[in-house]
There are 2 protein chains.
Amino acid sequence: MRDIVTAGILVIGDEILSGRTKDKNIGFIAEYLTNIAIDLREVRVVADDEDAIIEALDALRNRYTYVFTTGGIGPTHDDITADCVAKAFGVGIGYHPEVLARFRERFSEAELNEARLRMTRIPDGAELIQSATIIAPGFKIGNVIVMAGVPSIMQAMMDIVAPKLKSGVKMLSESIQANAREGDIGGPLRAIAEAHPDTMIGSYPFLDEERKPNTNLVVRSRDSEKLQQAMGAVKQMLAELNLTK
Amino acid sequence: MRDIVTAGILVIGDEILSGRTKDKNIGFIAEYLTNIAIDLREVRVVADDEDAIIEALDALRNRYTYVFTTGGIGPTHDDITADCVAKAFGVGIGYHPEVLARFRERFSEAELNEARLRMTRIPDGAELIQSATIIAPGFKIGNVIVMAGVPSIMQAMMDIVAPKLKSGVKMLSESIQANAREGDIGGPLRAIAEAHPDTMIGSYPFLDEERKPNTNLVVRSRDSEKLQQAMGAVKQMLAELNLTK
């Protein structure tokens, strides 16, 4: 059995903490990682602040197989992610010759100002995450994957980097609608959860189309047989309570 | 001058980390706190796991004026937030007489099962966050505000708790569209940021309706005069570069 591969996400940006920009990256990366059998364990959002970024990055990279960062790799003074990552890893940072060459092809002499050149600064030893349509590349250094904050660019970067990552044993998942209020089934559901320790059973209330309370039950496990056993117990419980349609 | 009041958010739930549920609470709370002059400094998302919840809660509550948690206060076995908060504060937890009385009015004897009773468990000494339309109350203990994960309920709880919170000096904010690519203005913008240390200047690229790269510039400060000075410098820079419409 392969190891469990874990991950953390570090979202970097004042604009997320002020509420001005609503993050769309956490949900996307979370779903992506589930699909490639990587367990997302923790997310942090911090400001464009060197100390805050480095502290969170060190906490996450020491704890999980991978850390995915978003934001702070643009051309302006508040884009400090690459420098913080270099500092956290204790490596130098400079204009990356390959990125610089591509920038010289792409931009005129006048356009290639200090701000744009800033986007070619990559920590020493990092591997680029780039494509023909990505201007400022992301990069991977050690177990840290540094990506853009703009969702469309971040998503392109995920597609590039994903095939290079270790993946674990895929978490399998099945769900069923309980046709009950959460509180009606919490007791028997707890008993099923306790009797099936290698599964995770989640209970998620929602309001149906008629604004009536209902509940989705989700059973997850890396073991298909144990998943089926637990889901069987859930279905039996719902049948006994006359809750399935 | 009043102190700066800070906050952290702790989002609790496996369903956010698996990507099954897309969080809508971080952005809402972030914007809400900005409007009531509380500085959101950090967000963490953790699983329905006691150790993870307590560790993150302790880190945030020791660091910021307030911590807002969402999720994990429902009736099922994976709803462990109230117990974790009690444990973090080193206090007991039990059926809260007032909540219990309301549940007895609201639910029949048959409905008032162990799962539902679970929602009446509140850490000792906590203050309830409740209203006629909220079934399972949130609560405030010390500097920690515990709220539901369901967005509509969480939002109602924010409205109840907000008037009771200290607020700081409001962060003022003005924005202007640069009509330029970020890289065109990064240099002069950095100079303005350095010349106006009591302001924060953010640069946010976007694609306009014709998919042309453009940039929003946001100047923030607690001091109205300093904000105006920095925004004046930004406008002058854009005028000199012939970028304003």
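Residues numbered from 1 in each chain as written. Chains lettered and ligands numbered in written order. Predicted model: local features only at pLDDT ≥ 70, side-chain atom pairs only at ≥ 80, totals over all residues. Heavy atoms only, no water.

Enquirer: I tried to follow the sheet that holds strand E10 (residues 200–207) of chain B on my own but got confused; where do I start?
Expert: Residues and elements named next belong to chain B. Strands sit in the order E9-E11-E10 across an open sheet of three strands; the sheet is antiparallel. Edge positions in the sheet fall to strand E9 (172–177) and E10, since each has one partner strand and no second. The mean inter-strand angle of the sheet, taken between neighbouring strand axes irrespective of direction, is 20°. Against the sheet, helix H9 (residues 224–240) contacts E9 and strand E11 (213–221), and its axis sits at roughly 10° relative to E9. (Pairing = 2+ DSSP bridges. Helix = DSSP H or I, 4+ residues; strand = E, 2+ residues; numbered from the N terminus. Axes fitted to C-alpha atoms, helices over the stretch in contact; angles between N-to-C directions. Contact = heavy atoms within 4.5 Å.)

Enquirer: Quick question: what am I supposed to make of the pairing of strand E7 (residues 138–141) of chain B here?
Expert: Side-chain positions along a regular strand alternate between the two faces of the sheet. All names here are of chain B. Judged by which residues are buried, E7 turns out to be covered on both faces: Gly-138 and Lys-140 on one side and Phe-139 and Ile-141 on the other are all buried. Pairing between strand E6 (residues 127–129) and E7: three bridges, direction antiparallel. Residue Leu-128 lies in a different strand from E7, and its bridge partner there is Phe-139. Judged from the three bridges that link them, E7 and strand E8 (residues 144–147) form a sheet pairing that is antiparallel. Residue Phe-139 lies in a different strand from E8, and its bridge partner there is Val-146. Where E7 hands over to E8, the hairpin turn is made up of two residues, of which Gly-142 adopts a positive phi near 55°. (Buried < 20%, exposed > 50% of the residue type's maximum accessible area, 1.4 Å probe, protein only.)

Enquirer: Sorry if this is basic, but what is going on with unusual backbone geometry here?
Expert: One can expect most non-glycine residues to show negative phi and most peptide bonds to be in trans. All names here are of chain A. Phi is positive for Asn-179, which is not a glycine, with a value near 55°. Counting through the fold element by element, Asn-179 comes out in the loop between strand E9 (172–177) and helix H8 (182–195). We classify Asn-179 as partly exposed; its relative accessible area is 24%. A positive phi angle, near 60°, is found at Arg-211, a position not held by glycine.

Enquirer: Hey, could you run me through helix H7 (residues 151–161) of chain B in this one?
Expert: Along an α-helix, residues three or four positions apart point the same way, because every turn accommodates 3.6 residues. Residues and elements named next belong to chain B. Within H7 the residues assigned to the buried category are Met-154, Met-157, Met-158 and Val-161. What you see down the axis of H7 is that its buried residues fit within an arc of 105°, all on one side. Looking at the buried residues of H7, the elements they touch are helix H2 (25–35), strand E3 (66–70), E6, E7 and E8. (Arc of directions from axis to C-beta.)

Enquirer: I'm lost on the UniProt feature "domain: MoaB/Mog" (unreviewed entry) in chain A in this one. Help?
Expert: In this structure's numbering, the residues bearing the UniProt feature "domain: MoaB/Mog" (unreviewed entry) are residues 8–168 of chain A. Secondary structure across residues 8–168 of chain A divides into 39% helix and 22% strand, with the first and last C-alpha atoms of the span separated by 15 Å. (UniProt positions renumbered as here; feature names shortened; annotations may be inferred.)

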